[in-house]
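Structural description and commentary
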Amino acid sequence: MGCNVMVSIVAAHILCVKDLEVSSAMLLRHGYTCAWLFFAVSEERSFSAAAARCRVAQPSLSRQIAGLERELGERLFIRSRDGAALTEAGETLVPYARAALSAIEHAHDAFAERTGLLTGTLRIGVVNGTANTRIPACAAALHRAHPGVRITMADGTSRTLIQAVRTRELDLAVAVSEVTPLPEDLDSITVMMDEVVAVAISGGFPQASGVSWPDLAGCPIISYTHESALAELVDAARGDHRIDLICATNDPLLHVAMARQGAGIALTAASMLPAAVNSAAADSASAASAASVASSIPAADTSADDISSFSVSDTAADVAASIGAIDGANMHNELGIRHFNPPLTFRKRLIWRRGAASGPSIRAFLNQVSKSDA
């Protein structure tokens, strides 16, 4: 099978449990690859989807699972046109496969720590606006402290990045998950508070001040695609109020560019507004909006037990002050910004797999995030 001997031994240690009667010999033959493929099928509920996720040919995956079933003496999946459902035996095996994968990761980490020099690659997923958080500074600090760690950053939507963390394609991700709760196997901390605001040319708003969902009825709207977590946030906030979405893109700069051309009202993230809009001097209305945003924001999510001392410095007050948003601004570019009431706030979170923070590279990065908050 070409399995790495060390990871196979770790898997054997974890999976040799009395109630499953899993043999060390079997795991030495199948090892990490088999545990990973089984876990992928159990999550995807489909052999073809699991094969695509693991980047292996489906016949090869099917042979590995069939071999595992033969040696266990029980079927692990019920195959049908609708996919692959776990049997009772398969359900029993899932937590042990998960533990095996985690133990293998920890074993690699332990040997890295024995050398006293962190190496390898830290894979971070990022959404639009991550540049405005403390993540770039923390990544630079990690590189200075541990030059042997290579950092890769992959962009994507929140949904795809969160899934990539769960499937171990990424170690960490900066993402938004306000409407849909995070899966229980993930931990997170808040690295920035933001809000969705309305942007239009002077005279482009239906009312002289403020903005509400009834105001937007019949107005041409520019906002996010359905793949974006912010589209989910907008849809949840507007409820039964209909909007006429004439342009959908996940690029906030395009939102503003379309609004500047008079195409409609852009609903976009405040922190991503370009400098020409941000530099406007805040008037009394914007000060009131900033105070309203700050008072509406919940406490930071500090769900991770081992980093419960984290707090959030990037509050909505910081964001509101930095964007200098004004209601009905009369600027040279004729763009005005309106806040919803109540403010449509959201959190950018740093997300990782529960238990993965014990990995030295991930732990080192989280420590940098903690220091930046001091």
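Residues numbered from 1 in each chain as written. Predicted model: local features only at pLDDT ≥ 70, side-chain atom pairs only at ≥ 80, totals over all residues. Heavy atoms only, no water.

Focus: the overall build of the chain
Worth spelling out the cut-off: Where helices and strands are cited, they refer to DSSP runs of H or I of at least four residues and of E of at least two residues respectively, numbered from the N terminus. Three exposure classes are used, based on accessible area relative to the maximum for each residue type with a 1.4 Å probe and protein chains only: buried under 20%, partly exposed in between, and exposed over 50%. The contact criterion used is simple: two residues touch if any of their non-hydrogen atoms lie within 4.5 Å. Residue-level accessible areas treat just the shown protein chains as cover; the underlying method is Shrake-Rupley with a 1.4 Å probe.
On a plain count of helices and strands, the chain comes out with 13 helices and 11 strands. When burial is assessed residue by residue, the chain has 50% of its 374 residues classed as buried. The long-range fraction of contacts in the chain, counting pairs at least 24 apart against all pairs at least 6 apart in sequence, stands at 76%. Split by element, the accessible area of the chain, about 17200 Å² in all, is 53% carbon and sulfur.

Describing the nonpolar core
Condition: What is meant by a nonpolar core is a set of buried Ala, Val, Leu, Ile, Met, Phe, Trp, Tyr and Cys residues, joined one to another through side-chain atoms within 4.5 Å.
Counting residues in each nonpolar core, the largest one holds 31 residues, and the members touching the most others are Leu122, Leu172, Leu350 and Phe365. Element by element, the count of residues in this core is highest for helix H13 (residues 360–372), at five residues. Ignoring sequence-local partners within four residues, the contact set of Phe365 consists of Leu122, Ile124, Ile135, Cys138, Ala139, Leu142, Leu172 and Leu350. Ranked by size, the runner-up nonpolar core spans 24 residues in total, among them Cys54, Phe77, Ala84 and Ala89.

Considering the pairing of strand S7 (residues 220–223)
How we decide: Here a strand pair is declared whenever DSSP counts at least two bridges between the two strands.
By the bridge criterion, four bridges tie S7 to strand S8 (residues 244–248) in an arrangement that is parallel. Bridged to Ile222 within S8 is Cys247. Relative to strand S9 (residues 265–269), S7 runs parallel, the two sharing two bridges. Counted as the bridge partner of Ile221 is Ile265 from S9.

Quick notes on helix H8 (residues 229–238)
Going by this rule: As used in this structure description, the phrase polar contact means that two N or O atoms lie within 3.5 Å; if the pair is within protein, one of them must be able to donate a hydrogen and the other to accept it, and residues adjacent in sequence are counted only when both atoms belong to side chains.
Those residues of H8 lying buried are Ala229, Leu230, Ala231, Leu233, Val234 and Arg238. Those residues of H8 that are buried lie in contact with helix H7 (158–166), strand S6 (186–201), S9 and strand S11 (344–353). The N-capping residue of H8, defined by a side-chain oxygen 3.0 Å from the backbone nitrogen of Leu230, is Ser228. Within two residues after H8, Gly239 carries a phi angle of roughly 60 degrees, on the positive side.

Things to note about H7
In an α-helix, one full turn covers 3.6 residues, which means residues spaced three or four apart are oriented alike. Quick note on the threshold: As used here, the arc belongs to the directions running from the helix axis to the C-beta atoms.
Considered for burial, the residues of H7 that qualify are Ser158, Leu161, Ile162, Ala164 and Val165. Considered in projection along H7, the buried side chains sweep an arc of 160 degrees and stay on one side of the axis. Taken together, the buried residues of H7 touch strand S3 (120–126), strand S4 (149–155), strand S5 (172–175), S6, H8 and S11. Directly after H7, the chain includes Arg168, whose backbone phi takes a positive value near 70 degrees.

Observations concerning the layout of surface pockets
The method is simple in principle: a probe with the dimensions of a water molecule rolls over the atoms, and the space it marks as empty is what remains. To be explicit about the condition: Here the term cavity refers to a set of points on a 1 Å grid, laid over the protein atoms alone, in which a 1.4 Å probe fits but cannot get out; the term pocket refers to an open set having protein on both sides within 12 Å along at least five of seven lines, with lining residues being those that place an atom within 4 Å of a point. Grid points are joined across faces, edges and corners, and a volume is the space filled by probe spheres set on the points. Gly is put with the polar residues, along with every residue not named as nonpolar or charged; the nonpolar set is Ala, Val, Leu, Ile, Met, Phe, Trp, Tyr, Cys and Pro, and the charged set is Asp, Glu, Lys and Arg.
Taken as a whole, the second largest pocket spans an internal volume of roughly 270 Å³. Lining the second largest pocket are 18 residues; nearest its centre among them are Val127, Asn128, Gly156, Ser228 and Asn250. Mapped by element, the contributors of at least two residues to the lining of the second largest pocket are H8 and S11. Looking at the lining of the second largest pocket residue by residue, the classes come out as 10 nonpolar, six polar and two charged.

Comments concerning the environment of Ile201
Looking at the element boundaries, Ile201 is found in strand S6. Residue Ile201 is classed as partly exposed on the basis of its relative accessible area, which comes to 25%. Beyond its immediate chain neighbours, meaning those up to four positions away, Ile201 contacts Ala259, Arg260, Gly262, Glu334 and Leu335.

Quick look at the packing of helix H6 (residues 135–145) against H13
Heads up, the rule is: Angular values range over 0 to 180 degrees, each being the angle between N-to-C directions of two axes fitted as lines to C-alpha atoms, with helices fitted over their stretch in contact. Note that the term roughly parallel is reserved for angles under 35 degrees, roughly antiparallel for angles over 145, roughly perpendicular for angles of 65 to 115, and oblique for everything else. Handedness of a crossing is defined here by the sense of rotation of the near helix relative to the far one, left-handed for an anticlockwise turn of less than a right angle and right-handed for a clockwise turn.
Closest axis-to-axis distance for the H6/H13 pair is 9 Å, and the angle between their directions is 125 degrees. As judged from the angle between their axes, H6 and H13 are oblique. Crossing handedness for the pair H6 and H13: right-handed. Judged by residue contacts, Ile135, Cys138, Ala139, Ala141, Leu142 and Ala145 of H6 engage Ala364, Phe365, Gln368, Val369 and Ser372 from H13. Classifying every residue of the contact of H6 with H13 by side-chain character gives nine nonpolar, two polar and no charged.

Thoughts on unusual backbone geometry
Residue Pro342 is bonded to the preceding Asn341 through a cis peptide linkage, with omega at 5 degrees. Looking at where Pro342 falls in the secondary structure, it is placed in the loop between strand S10 (335–338) and S11. Phi is positive for Arg45, close to 60 degrees, though the residue is something other than glycine. Take Arg45: it is sitting in the loop between helix H2 (24–44) and helix H3 (47–54).

Quick notes on the pattern of salt bridges
Short version of the rule: Counted as salt bridges are all cases of a side-chain nitrogen of Lys or Arg within 4 Å of a carboxyl oxygen of Asp or Glu.
Tallied over the entire structure, the rule returns 10 salt bridges. One salt bridge in this structure joins Asp171 and Arg123, with 2.9 Å as the shortest N-O distance. Of the two residues, Asp171 sits in the loop between H7 and S5 while Arg123 sits in strand S3, which places them 48 residues apart along the sequence.

Describing the confidence of the model for the chain
Keep this limit in mind: Residue-level confidence of the predictor is summarised by pLDDT, bounded by 0 at the bottom and 100 at the top.
Put simply, the chain has an average pLDDT of 77, and 71% of its residues get 70 or more. Below a pLDDT of 50 lies the segment residues 1–29, which in the model reaches 53 contacts outside its immediate sequence neighbourhood of four places, other chains included.

Looking at the packing of aromatic side chains
Test applied: Pairing of aromatic rings covers Phe, Tyr and Trp, the last through its six-membered ring, and needs centres within 6.5 Å; plane angles under 30 degrees mean stacked, over 60 mean edge-to-face, and all others mean tilted.
Throughout the structure, instances matching the rule amount to three aromatic pairs. Note on Phe38 and Phe77: the rings are 5.5 Å apart at their centroids and 50 degrees apart in plane angle, and the pair reads as tilted. Of the two residues, Phe38 is situated in helix H2 and Phe77 in strand S1 (residues 77–80); the sequence distance between them amounts to 39 residues. The exposure class assigned to Phe77 is buried, which follows from its relative accessible area of 0%. Here Trp213 and Phe340 contribute two aromatic rings whose centre-to-centre distance is 4.6 Å and whose plane-to-plane angle is 25 degrees, an arrangement assigned as stacked. Residue Trp213 is found in the loop between S6 and S7, and its partner Phe340 is found in the loop between S10 and S11; the two are separated by 127 residues along the sequence. The same class applies to Trp213 as to Phe340, namely buried. Aromatic ring contacts, followed pair by pair, group Phe38, Phe47 and Phe77 into a single cluster.

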